[in-house]
Amino acid sequence: AQAIGMETGSEPRAGAIIWYRFPATSAGHVAIVESINADGSMNISAMNDRDGWGRLSNYSVPVSDFDKFRFIY
C-alpha cells in the first residue's frame, strides 16, 4: 500500500484497514477498524478469522497487541 502512495502507520483509526499475520497459517490477513474505545482499544471486524471460514468475526483488540498490526488509512 505504501509503495503505491497510500498512507500507512502503526496507530489505529476508525475505518482503517488492518494488515497482520494470521496465526493459523502465517499468511497475511486484513480486517477493518470499526471504532476506537475510550480505553484506547479498537473494535475490528474480519472475515474468516476467529469465528471460522465464511463467518464475520467482531472483537476488541487491547492496546498491548497493537504492535502486531500495520494500518492502511
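Position numbers for residues count from 1 along each chain, tracking the sequence in the order it is written. In view of the model being predicted, local features appear only for residues whose pLDDT reaches at least 70, and side-chain atom pairs are presented and counted only at 80 or more, with totals across whole chains, interfaces and linings using the full set of residues. Note that the side-chain values use all heavy atoms of the structure and ignore hydrogens as well as water.

Engineer: What is the right way to look at the nonpolar core in this model?
Structural biologist: Looking at soluble globular proteins, one finds that nonpolar side chains tend to be buried together. Throughout this description, the term nonpolar core refers to a set of buried Ala, Val, Leu, Ile, Met, Phe, Trp, Tyr and Cys residues connected via side-chain atoms within 4.5 Å. The cut-offs for exposure are 20% and 50% of the maximum accessible area for each residue type, with area from a 1.4 Å probe on protein chains only; residues under the lower value are buried, those over the upper are exposed, and the others partly exposed. Grouped together as the largest cluster of nonpolar side chains are 13 residues, with contacts concentrated most on I18, Y20, M42, I44, V61, F69 and F71. Breaking this core down by element, the ones donating at least two residues are strand 2 (17-22), strand 3 (27-36), strand 4 (42-47) and strand 5 (56-61). Strands are runs of DSSP state E lasting at least 2 residues, helices are runs of H or I lasting at least 4, and numbering of each runs from the N terminus. Here the element with the most residues in this core is strand 4; it accounts for three residues. The contact definition used throughout considers only heavy atoms, calling two residues in contact when any of these lie within 4.5 Å. The contacts of V61, once residues within four sequence positions are left out, are S41, M42, I44, F66 and F69.

Engineer: I tried to follow the side chain of S45 on my own but got confused; where do I start?
Structural biologist: Along the chain, S45 falls in strand 4. Taking relative accessible area as the criterion, S45 reaches 7% and is therefore assigned buried. At a separation of 2.5 Å, a polar atom in the side chain of S45 contacts the side chain of E34. Apart from residues no more than four positions distant in its own chain, S45 is found in contact with A31, I32, E34, L56, S57 and N58. Pairs of N or O atoms are called polar contacts if they sit within 3.5 Å, as long as, within protein, a hydrogen donor faces a hydrogen acceptor (for residues adjacent in sequence, only side-chain-to-side-chain pairs).

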